[in-house]
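A structural walkthrough
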Amino acid sequence: MQKRVLGATGLMVSEIGFGASPLGDEFRVTDPAEGVWAVHAAIDQGISFFDVSPYYGRTLAEERLGIALEGKRKQVILATKCGRYDTARFDFSPARLRASIDESLGRLRTDYVDLWQAHDVEFVDARQIVEEAIPTMREIQKQGKARFVGVTGLQLKVMTGIAERAPVDTFLSYCRYNLLFNDMDELLTGFARQRGMGLINASPLHMGVLTEHGAPAWHPAPKEVLETGPKIVAACEARGFKVGDVALRFSLDHPYAATTLVGMSTVKHVERNIAAIECHPPAELMEEIRAIAAPVMNRWWPSGLPQNWDY
Ligand code: NAD
């Protein structure tokens with residue numbers, strides 16, 4: 001497992017990051033014991049970057065990850081988030097964020113996180129993130145409760161607009177660079193690279209679209225995108241490949257993103273995803289996938305306040 005530097009933070013993160021939202025039963029009900037084994041298997045096999053949020057499972061994912069990391073905290077780079085607490089409950093006020101970090105640290109059974117991120121910033125007025133959230137997060141950073149500060153979201157222009165006015169250490173972008181999307185490079189990568197801001201690329205499986213199991217019922221992508229997933233699965237299978245391996249390998253090849261966050265809650269998926277590092281799909285298969293994906297490439301869905309939409 002390669003480690004790569006996360007922008008100017010200097011943090012060395014594993015190229016595959018453990019996305020902990022499935023530990024909060026975001027995709028389906030999972031076995032808590034299996035979740036702990038998955039975290040331990042990941043650490044044993046070199047995955048050192050873990051990402052979670054109080055939003056995932058409405059605190060369940062943080063609770064479970066905290067239990068799994070007991071005695072192992074120093075072996076990992078741990079990221080969590082603040083400001084999003086339910087599907088439609090956002091609160092980036094200074095008082096909420098000050099309470100939020102202490103609540104997260106309690107659930108995660110640690111006294112600091114390596115990265116603390118404002119979660120899904122497109123859902124509120126960007127001014128609040130610039131004027132209240134990031135200054136409060138910097139204050140918490142000075143107290144030693146968070147080593148670095150970042151923003152996350154689906155909409156990319158609002159994140160760069162925020163970072164222009166209130167510099168951040170990292171960006172987390174999801175579903176904008178994988179086999180079905182590539183506009184992260186147009187809208188975010190250059191900005192982050194020029195400023196030395198770290199880049200985390202999440203959801204290489206397009207939140208389940210690029211799996212044999214398929215997308216969860218809540219998936220927000222348009223129908224044509226959801227229907228394209230099984231066609232890509234079939235193209236991979238016809239050449240003897242698993243779609244998850246091909247999709248993850250594609251994301252791992254990004255030249256600037258330090259880590260690709262894939263959601264996991266089972267040992268089987270941890271082992272499969274680590275094996276994907278050695279997957280080398282032939283150019284013909286990648287060409288075939290490009291052709292299948294072309295009609296729906298970068299097919300976007302609204303998220304957050306209309307004033308923050310990229311298109
Ligand atoms: P993903 O694309 O990683 O897909 C996860 C789904 O794929 C889950 O159902 C998982 O069980 C399944 N899966 C994983 N490995 C598999 C394999 N080898 N074969 C078949 N199925 C497999 O989507 P995600 O979980 O949403 O994204 C990854 C992580 O990124 C999240 O857990 C979270 O930590 C982070 N993220 C953050 C934000 C944000 O901050 N706004 C948004 C999305 C994701």
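**Section: the packing of helix 1 (residues 32-44) against helix 9 (residues 267-275)**
Packing of helix 1 against helix 9 brings their axes to within 8 Å, and their N-to-C directions diverge by 25 degrees. On the basis of their axis angle, the class for helix 1 and helix 9 is roughly parallel. Seen from helix 1, the contacting residues are E34, W37, A38, A41 and A42; seen from helix 9, they are V267, K268 and V270. Taken together, the residues that form the contact of helix 1 with helix 9 break down as six nonpolar, no polar and two charged.

**Comments concerning helix 9**
Because an α-helix packs 3.6 residues into every turn, residues spaced three or four apart end up facing the same way. Taken together, the buried positions of helix 9 are occupied by V270, N273 and I274. Projected down its long axis, helix 9 carries its buried residues within an arc of 100 degrees, all on one side.

**Some words on the environment of G66**
Inspection of the secondary structure puts G66 in helix 2 (residues 60-68). Judged by its relative accessible area of 0%, G66 is buried. The residues touching G66, leaving out its near neighbours within four places in the chain, are R107, L108 and R109.

**Describing the pattern of salt bridges**
The tally for this structure, following the rule as stated, stands at 24 salt bridges. Salt-bridge contacts for D310 lead to R176; the nearest nitrogen and oxygen are separated by 2.9 Å. Here R176 lies in the loop between strand 10 (170-174) and helix 6 (184-195) and D310 lies in the segment after helix 10 (283-293), a separation of 134 residues in the sequence. Here the salt bridges do not stand alone but share partners, grouping E26, R58 and D86 into one network.

**Thoughts on the pairing of strand 8 (residues 113-118)**
Of all six residues in strand 8, six are buried; the element is thus mostly enclosed. Judged from the four bridges that link them, strand 5 (residues 77-82) and strand 8 form a sheet pairing that is parallel. Pairing of A79 across the sheet is with L115, part of strand 8. As paired elements, strand 8 and strand 9 (residues 146-153) share five bridges and run parallel to each other.

The rules behind these values
Residues numbered from 1 in each chain as written. Predicted model: local features only at pLDDT ≥ 70, side-chain atom pairs only at ≥ 80, totals over all residues. Heavy atoms only, no water. Axes fitted to C-alpha atoms, helices over the stretch in contact; angles between N-to-C directions. Helix = DSSP H or I, 4+ residues; strand = E, 2+ residues; numbered from the N terminus. Parallel < 35°, antiparallel > 145°, perpendicular 65-115°, else oblique. Contact = heavy atoms within 4.5 Å. Nonpolar A, V, L, I, M, F, W, Y, C, P; charged D, E, K, R; others polar. Buried < 20%, exposed > 50% of the residue type's maximum accessible area, 1.4 Å probe, protein only. Arc of directions from axis to C-beta. Salt bridge = Lys/Arg side-chain N within 4 Å of Asp/Glu carboxyl O. Pairing = 2+ DSSP bridges.

Geometric descriptors of this kind do not, in isolation, establish any biological role.
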